[in-house]
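# Architecture at a glance
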Amino acid sequence: MRHKKEIGIAGAGFAGAVLARELAESGKYEVVVFDERRHVAGNCHTARDAETGVMVHAYGPHIFHTSREDVWSYVNKFARFRPFTNRVKAVTARGLFTLPVNLLTINQFFGKSMRPWEAREFIASLGDRSMESPRNFEEQALKFLGRELYENFFYGYTKKQWGVEPSCLPASILQRLPVRFNYDDNYYASRYQGIPEQGYTALVENLLDHPGIHVRLGERFDPAYTNEFSHVFYSGPMDGFFQYEFGKLQYRSLNFERISEKESVDDFQGNAVINYCEESVPYTRITEHKHFAPWEEHKGTVCFREFSKLAQGDDTPYYPLRLESDKDLLLRYEERAESQNRVTFIGRLGTYRYLDMHVVIGESIDLAAACLANETCAQWPRFSRSRT
Ligand code: UDP
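Keep in mind that what you see is a predicted model, and the values were worked out from it rather than measured.

## A short note on the pairing of strand 1 (residues 5-10)
Pairing geometry for strand 1 and strand 2 (residues 29-35), over six bridges, is parallel. Looking at strand 2, one finds that Ile9 is bridged to Val33. Each parallel crossover has a hand, and for strand 1 linked through helix 1 (residues 14-25) to strand 2 it is right-handed. Pairing geometry for strand 1 and strand 11 (residues 231-234), over four bridges, is parallel.

## Side note on the pattern of salt bridges
As enumerated under the stated definition, the model contains 27 salt bridges in all. Glu36 is the salt-bridge partner of Arg220, the closest N and O atoms lying 3.9 Å from each other. With a gap of 184 residues between them, Arg220 in the loop between strand 10 (213-217) and strand 11 and Glu36 in the loop between strand 2 and strand 3 (46-48) connect regions that are remote in the sequence. For Glu36, a relative accessible area of 55% puts it in the exposed group.

## Focus: the sheet that holds strand 6 (residues 81-83)
Here three strands make up an open sheet; going across it, the order is 5-9-6 and the pairing antiparallel. For this open sheet the edge positions go to strand 5 (64-66) and strand 6, each flanked by a neighbour on one side alone. Averaged over all pairs of adjacent strands, the angle between their axes in this sheet comes to 40 degrees, without regard to strand direction. Here three bridges tie strand 5 to strand 9 (residues 192-196), and the two strands are oriented antiparallel to one another. Counted as the bridge partner of Phe64 is Gly194 from strand 9. Against the sheet, helix 2 (residues 69-78) engages strand 5, strand 6 and strand 9, with an angle of about 145 degrees to strand 5.

## Section: the sheet that holds strand 11
Paired through backbone hydrogen bonds, the strands of a sheet run either parallel or antiparallel to each other. An order of 10-2-1-11-17 is seen for the five strands of this open sheet, with the pairing classed as parallel. Either end of the sheet is taken by a strand with one partner, and the two such strands are strand 10 and strand 17 (343-345). Within this sheet the neighbouring strands show an average axis-to-axis angle of 20 degrees, counted without direction. Running at roughly 165 degrees to strand 2, helix 1 makes contact with strand 1, strand 2, strand 10 and strand 11 of the sheet.

Parameters at a glance
Residues numbered from 1 in each chain as written. Predicted model: local features only at pLDDT ≥ 70, side-chain atom pairs only at ≥ 80, totals over all residues. Heavy atoms only, no water. Pairing = 2+ DSSP bridges. Helix = DSSP H or I, 4+ residues; strand = E, 2+ residues; numbered from the N terminus. Right-handed = clockwise from strand over helix to strand, strands pointing away. Salt bridge = Lys/Arg side-chain N within 4 Å of Asp/Glu carboxyl O. Buried < 20%, exposed > 50% of the residue type's maximum accessible area, 1.4 Å probe, protein only. Axes fitted to C-alpha atoms, helices over the stretch in contact; angles between N-to-C directions. Contact = heavy atoms within 4.5 Å.

Structure, rendered in structure tokens:
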């Protein structure tokens, strides 16, 4: 029997776990997955709170949504999903409103009762028509929403979240959020949405539960291991793989502060996510985790305030910042990665892009298919990048 090729995967998050599963499933590869943490699922990790039993999204809220039929049926093979629709509320200087900006937000914020087409015309009249193609977050907001909505819902939150003026950020960050001229307050515009009944960690454990996959937790993948494998998929930070030789790419990190003063309360805020848009409030949002699993019942509750900061030292990287200086650096690392014919960089950190779970999963499914169609590892892509 022909010897199977050994594949190394750095990181047991979605990017690595889906690839591991697909390659092992083919029967042609033996896969070793490394993760420096003691758990799988990366930043999607969920664990039950010891006191209340509430399933906590340990690295912040994760709501699964996708419009790709194949991605939805794929994740449903590894976990039972329960329907969940994310309906975010936002506290602003002028009160609490629903997000994303929808007809209720607009009517309540401006004290009107407009119909859809009236609201559309009204918002268009507030937009800055002088701007042809918005060059950044702020211009995108001013063009499509006007100054008042921008200042109340987006300016303060964005400055806290990213630590820079919104005019320094790409318009694509704001384009993540829909604006609706009806009363639909579903945060996402995806066809499918839900949360795995037993959490994301159980889902990823199921993905990795295969005789061809060997998981090594608590073990950091050292780039020096690369030559021990036929090929490596690396989902750690791309600059880290190269020992930061050109300098560090910037990331935002998060601090979570547990709210403990209301221990006797069973429902702290009545919703999973409430954003705090004012610059003067130091945190960006409060997440109450029991509301991500409305099918469960628990005494007590678990809430966290979320604070954003620049990642430094050992801080966990969460969001690639992608300022102009980062883009120059990224180009240099990408060129360096191009010359590395045994390694493919995958996922949010490996490719330094602001990707959601469903996009990462879709990319790993596509990448695995491309690799399985061509057994010459040296010809495998250097990066996971595909349709979203
Ligand atoms: N945003 C904002 N105010 C809000 C919600 C979002 O300004 O109340 C902006 C902010 O810049 C944020 C971006 O929209 O980073 C994308 O929001 P999303 O909810 O997709 O962020 P995530 O949940 O990934 O942190």
